[in-house]
Amino acid sequence: MNNVFGLDIGTRNVVGTVGYQTDDKEFVVTAQYVREHETRAMLDGQIHDIGRVAKTIKEVKDELEKQTGQPLEEVCIAAAGRVLKTVTTHVEYEYAQESVVTGEDVHTLDLLGIEKAQEALKEVNDTSYKFYCVGYSTVKFFLNDEVFISLEGHKANKIGEDIIVTFLPEDVVDGLYAAVGQAGLSVANMTLEPIAAINVAIPENYRMLNIALVDVGAGTSDISITRDGSIIAYGMIPHAGDELTEVIVQHFLVDFNMAESIKLQSTTSDTVTYKDIMSIEHTIPAQDVWEVVAPVVDNIAQEVSAKIIELNGDKTVSACFVVGGGGKIHGFTEKLAENLDLPQERVALRGEEVLGEVIFEQEDITKDPLLVTPIGICLNYYDQRNNFIMVRFNGERIKLYDNNRLTIVDAALQAGFPNDELFPKRGTPINFTVNGVARLVRGEAGDGAVVTMNGKPASINTPLEPNSEIIIEPSTAGEAAEYKISQLDEYNHSVITFIINGRRVSCPRFVQVNGELEPEDYSIRENDVIETRNYYTVRQIAQFMDLVIDTDQMIFVNNEEAGLDTLVYENFSVEWKTDEYGVARIDNNTYNDTQESDTDEASVLAEQDANSTESDNTVARTSEQMMNQVLDELHDDFAKEAEASAVPENELPKNELPKNDIQEDIQEEDSSENTITVIVNGEPVELSGKDTYIFVDIFTHISFDLQAGKGRAIATVINGRDAQFSEELHEGDKIELYWKEN
């Protein structure tokens, strides 16, 4: 048989247990010894004087070696639950666009919460010690700032959570290792006291349930919460058995040790016998002691219950088990059940019944809740769970607390690997304003971190293996955002209209950046202030129309004499005389961002009388350009202006046909005409008067209200497929035209 040596190093004493596990899973205790600290070498479960604690451990070791007749070289130990640090924080993650939340997204949110909790812990920690994350629990989820029970599968722009994260300080671990080492022992296994207690107090088939375990000690009450087979949260309140003892000291006028005896007798006997400081012996009913400590018991039960509910996500647990000497006081479990809103039978003191498979060879030992943790420390050796494991991360050897669900990302966090280097990073965004409204253009997404474990490809969620070699190459950032003026909707679809010699002319708005005019290929920079200018100069209007103004003649703006640099605003009238007439530019230039059409050409309709005293000019857009303008923006005013720009029939030359508000193409007199019939929304429509026809021509032959869109896009379909406005029509084509539903 191979004996296991376990040490429960407590604040008041050190309990040593030696035993072995049989093939039937029974644990046989061959020796046990308890030794109190001579001085206050430990406070609240943390070693303050390593030398004195090591001396006590050595005395326990020597006594157990005498009892067993065997040398003891390795020991199993546990860190006290009261030294754990718990941080509650809120974390959020915002998507670039509305997305479906996946399980991976929720896991990422948890990691962000753990990292934020670590940062919060560092702010209040004035040492260089690291902290091991030993558990975390989500309190509540948020979907677009509203509380949700679960996030996965929902669509969201932003997700968030409140999370409780528990840490074990590195100095506690190092202190325990150092004290054990000075006593001539090496650590075979290390766990946490709450886990050791659970190994005994809560059978494995119960651990899938949501259960609380309360270890009521001398100075503190340690709490742990189980769910789905794991411990999800830890907590501690600084109230326990010593407070009961102090009340007894004051009420019955006894010293501390006698008060401890009174407290113990009240839990095992109907009467209590004691001597006060005057050496007078008293015998009282145990009920008298219960009544004295009742207010303190009630207070401790309330605080323990509140902490359990907090750690469990603001809801009660399914059941609660109590261990430790302080929990044996009369009325504690009843008050705990009341405050947890649980039936009395679901809050139980665990002791003799959970030690049923433990055999003590020493006849004078009674099975008691006090022995639950020491026995659990020994039993934890056999499954080696909840131990500390070692891995090598990017060449550095690190130690992690194994909570049975370690993944590579846990090693990365423990090693201090930046969280933002695990996940793809977007390139630098551009923040700017357009007409006073803030805009953001995001950079391109980069590549995620490249992860390998023992030379094989892995992911950040790959389960961690002890002594594995992990290498993570940091994620990369994507390309920085790039955006040009030509990509702005305000540049492409916003126009300004003037009245030139009595005819309306629509021009694209100029764009100025930080007060300076910039061309369409200007790359927008961070914090640029962009404005669409609401005026042209006379000179710029002429340039847009490809006209040369006769500067020997007067120029009038709103019937007032003007010059080439006079500002012309929306709906201002301009009168001038020109030397030349040309075709307005439709190629890509500073003033016009429309695209060239192979089938139509914007032109200027000019008429000059015999005396050359008056010229009327109007700019005609192509059918496709005008229709795109109307359909993309659906500006009611623009449509009305287009209607107003039609040349009255009685002003046209005799050989010209009247134009409508969409099409003003000039047809040559000798053009051959072709007539075709197409089916539009189930009705035959005859097209005539041109050699060839394009999709937009049907608007001159049917009744279709371009003002009825109300923000909707228009569907254009030819023979069952999407079509362009400039697409050529043929005999018998089946056309569908309707507004799309948003």
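The paragraphs below set out a description of the structure included in this document. (Residues numbered from 1 in each chain as written. Predicted model: local features only at pLDDT ≥ 70, side-chain atom pairs only at ≥ 80, totals over all residues. Heavy atoms only, no water.)

### Observations concerning the overall build of the chain
Along the backbone of the chain there are 14 helices and 45 strands. For the chain, the proportion of its 742 residues judged to be buried stands at 49%. Split by element, the accessible area of the chain, about 36100 Å² in all, is 45% carbon and sulfur. (Helix = DSSP H or I, 4+ residues; strand = E, 2+ residues; numbered from the N terminus. Buried < 20%, exposed > 50% of the residue type's maximum accessible area, 1.4 Å probe, protein only. Areas by Shrake-Rupley, 256 points an atom, 1.4 Å probe, with all protein chains shown as cover.)

### Comments concerning the sheet that holds strand β23 (residues 437–441)
Spatially, five strands are ordered β23-β22-β31-β29-β30 in an open sheet, and the strand pairing comes out mixed. In this open sheet, the two strands that pair with only one neighbour each are β23 and β30 (516–517). Here strand β29 (residues 511–513) pairs with β30 via two bridges, running antiparallel. When the sheet's bridge partners are listed, Val513 is paired in β30 with Glu516. (Pairing = 2+ DSSP bridges.)

### Quick notes on the packing of aromatic side chains
For any two aromatic rings, the description comes down to two numbers: the centre-to-centre distance and the angle of the planes. Scanning the entire structure with this criterion turns up eight aromatic pairs. Between Phe252 and Tyr274 the ring centres are 5.4 Å apart and the planes differ by 65 degrees, which places this aromatic pair in the edge-to-face class. Of this pair, Phe252 sits in helix α5 (residues 241–252) while Tyr274 is found in strand β15 (residues 271–275), placing the two residues 22 residues apart along the sequence. For the residue pair Phe252 and Tyr274, the accessibility class agrees, reading buried in each case. The interplanar angle of 65 degrees and the centroid separation of 5.6 Å between the aromatic rings of Tyr569 and Phe572 together place this pair among those described as edge-to-face. A connected cluster of aromatic rings, assembled from ring pairs, spans Phe498, Phe510 and Tyr536. (Phe/Tyr/Trp six-rings, centres within 6.5 Å; stacked < 30°, edge-to-face > 60°.)

### Concerning the sheet that holds strand β35 (residues 560–562)
Taking strand neighbours across the sheet as the criterion, the five strands line up as β28-β27-β37-β34-β35 in an open arrangement whose pairing is mixed. Looking at which strands have only one partner, the edges of the open sheet turn out to be β28 (503–508) and β35. For this sheet the average axis-to-axis angle between neighbouring strands, irrespective of direction, equals 35 degrees. When strand β34 (residues 555–557) meets β35, the two strands line up antiparallel, connected through three bridges. Within β35, the position partnered with Ile555 by the bridge is Ala562. Sitting on the sheet, helix α12 (residues 538–545) touches β27 (495–500), β28 and β34, and the angle it makes with β28 is about 90 degrees. (Axes fitted to C-alpha atoms, helices over the stretch in contact; angles between N-to-C directions. Contact = heavy atoms within 4.5 Å.)

### Remarks on the pairing of strand β24 (residues 450–453)
Burial along β24 is one-sided: the residues Val451 and Met453 are buried and none of Val450 and Thr452 is. As paired strands, β24 and strand β26 (residues 469–473) are joined by four bridges and run antiparallel to one another. Paired with Val450 across the strands is Glu473, a residue of β26. As judged from the three bridges shared by β24 and strand β25 (residues 456–458), these two strands associate in the antiparallel manner. Across the sheet, Thr452 pairs through a bridge with Pro457, a residue of β25.

### Concerning the packing of helix α1 (residues 50–68) against helix α3 (residues 170–182)
Put simply, α1 and α3 touch, their axes get as near as 8 Å, and they point 55 degrees apart. If you check the angle between α1 and α3, you find them oblique. Remark: the crossing between α1 and α3 carries right-handed chirality. On α3, the residues that touch Ile50, Gly51, Val53, Ala54 and Ile57 of α1 are Gly175, Ala178, Ala179, Val180 and Gln182. Partitioned by chemical class, the residues of the contact of α1 with α3 number seven nonpolar, three polar and no charged. (Parallel < 35°, antiparallel > 145°, perpendicular 65-115°, else oblique. Left-handed = near helix turned anticlockwise from the far one by under 90°. Nonpolar A, V, L, I, M, F, W, Y, C, P; charged D, E, K, R; others polar.)

### A short note on the pattern of salt bridges
For the structure shown, the criterion picks out 14 salt bridges. Asp145 serves as the salt-bridge partner of Lys158, at 3.0 Å between the closest nitrogen and oxygen. On the criterion of sequence distance, the pair formed by Lys158 in strand β10 (residues 155–169) and Asp145 in the loop between β8 (131–143) and β9 (146–148) is long-range, its members being 13 residues apart. What makes Asp145 exposed here is its relative accessible area of 52%. The salt bridge involving Asp565 is made with Arg539; its shortest N-O contact spans 3.2 Å. Here the residue Asp565 occupies a position in the loop between β35 and β36 (567–569), and Arg539 occupies one in helix α12, the gap between them amounting to 26 residues. A relative accessible area of 35% places Arg539 in the partly exposed class. Because the salt bridges share partners, they merge into one network encompassing Arg35, Lys55 and Glu59. (Salt bridge = Lys/Arg side-chain N within 4 Å of Asp/Glu carboxyl O.)

### Remarks on the side chain of Thr537
In this structure, Thr537 sits in strand β32 (residues 535–537). Other than its neighbours up to four places away in sequence, Thr537 contacts Leu564, Asp565, Thr566, Leu567 and Val568.

### A short note on the nonpolar core
If you look at the biggest cluster of nonpolar residues, it comprises 60 residues, and the most contacted ones within it are Leu7, Ile9, Ile57, Leu168, Leu192 and Ile375. In terms of residue count, the dominant contributor to this core is helix α4 (residues 193–201) (six residues). Those residues in contact with Leu192, other than ones at most four positions away along the chain, are Ala78, Ala79, Leu84, Val134, Leu168, Tyr234 and Tyr401. If you look at the next biggest cluster of nonpolar residues, it comprises 42 residues, including Val214, Phe252, Val297 and Val304. (Core = buried A, V, L, I, M, F, W, Y, C linked by side-chain atoms within 4.5 Å.)

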